[in-house]
Amino acid sequence: MSTTKTEEEFSALRMLSAGVVHEIRNPLAVIQSLVELLAQKTQDKNQQALAEAIVTEVKRLNRFLGEFLQYGRVPELKYETVDIGTLIQKALSFAITPEQNATQVIRTDIPEHLPQARLDPDAMHQVLVNAILNALQAMQGKGRLEIQVKRPKQHLTIKIQDSGPGIPPENLEKIFFPFFTTKRNGSGLGLAISQQIVKQHSGWMVFENNVNEKGVTLVINIPQEQAD
Ligand SMILES: Nc1ncnc2c1ncn2[C@@H]1O[C@H](COP(=O)(O)OP(=O)(O)OP(=O)(O)O)[C@@H](O)[C@H]1O
Ligand SMILES: [Mg+2]
C-alpha cells in the first residue's frame, strides 16, 4: 500500500514540477531573445560581453530545468541489438571537442570483435556521455581516459577509467544522490539519472579506485541473455 502512495506522491510531484518548469522556461526564452536583441543593437563591446554572460546563464538554467524534468521519469526502455563499439565512439565524439582531443591523451581500449548487446541505445548514450564528461571534468584538461569493454556471455561490462584526482571517501556515498555536485555549474543529476537508467536495465554501476595510480574507474554492468 505504502508503495502505491509513494508512487502517487511522486507522480503528483512530477506533474507539479513539470508545470513549474514550463512556467519558468517561457519567460526565460523571452529574456534570452531580448538580451540577444540588445546585444545586436549596441556597438559597445563591454555591453555585448555582459549580454553574452546573461545568455550563457540563461542557457545553463534551461539545461538544468531540462535535466530536472527528466529526473524521476521512468521512460519505457526500447531494447535494441547494438554494436557496443559504435555506441561508445558516438558518445566519445559527442562529449569530446576536437580541441580537447588535441590536448588530452584519450586512449580507448575496445576489443575489435565485440558481440552485440541488448540495450536501449539512447538511454545508454546518455549514461556514457555523462560518465565521459565527468572523467574529463575531473582531469581538468590533462590526463588519460580509458574505456574498456568486456562481454562475457551473461554480462556487458563497460569500464570508464580516468587519471583525475579521484573521489574523496566522504563523497563516495553521496555522488549518486540527485543534486549532489562539487561543480560550480553542475546539476548533480548526471549520476542519479545514469544509475536509474542502468537499474532499469537490471544492471548496476560502481566507482572503483584505480590500482597503483590516481583516478577512478566507473564500472557499468548490464546483464545479457545467454543466447548470442
Ligand atoms: N570521474 C570522476 N572523478 C571525480 N569525481 C567525480 C567523477 N565522476 C563524478 N564525480 C563526482 O560526482 C559528482 C556528481 O556527478 P554527477 O554527474 O551526478 O553531477 P555533476 O557532474 O556534478 O553535474 P552534471 O552531471 O549535471 O554536469 C560530481 O560533482 C563529482 O564531484
Ligand atoms: Mg556529470
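Check the entry above for the structure.
Residues numbered from 1 in each chain as written. Chains lettered and ligands numbered in written order. Predicted model: local features only at pLDDT ≥ 70, side-chain atom pairs only at ≥ 80, totals over all residues. Heavy atoms only, no water.

S.K.: Sorry, what's going on with the coordination of the magnesium ion (ligand 2) here?
M.R.: Only Asn130 (OD1) and Asn134 (OD1) from the protein coordinate the magnesium ion (ligand 2), and they sit 2.2 to 2.4 Å from it. Placement of the pair is Asn130 and Asn134 together in helix H5 (residues 121-139), with a separation of four residues, close to one helical turn. Judged on exposure class, the residue Asn130 and its partner Asn134 are both buried. (Donors = N, O, S within 2.8 Å, 3.2 Å for Na, K, Ca; no water. Helix = DSSP H or I, 4+ residues; strand = E, 2+ residues; numbered from the N terminus. Buried < 20%, exposed > 50% of the residue type's maximum accessible area, 1.4 Å probe, protein only.)

S.K.: Would you explain the pairing of strand E7 (residues 216-223) in this entry?
M.R.: On a regular strand, one side chain projects to one face of the sheet and the next to the other, so that they alternate. For E7, a buried count of seven out of eight residues is recorded, marking the element as mostly surrounded by other parts of the structure. Note: strand E5 (residues 155-161) against E7, seven bridges, orientation antiparallel. If you follow Leu156 over to E7, its bridge partner there is Ile222. As paired strands, strand E6 (residues 204-209) and E7 are joined by six bridges and run antiparallel to one another. Residue pairing across strands places Val206 opposite Val219, the latter belonging to E7. (Pairing = 2+ DSSP bridges.)

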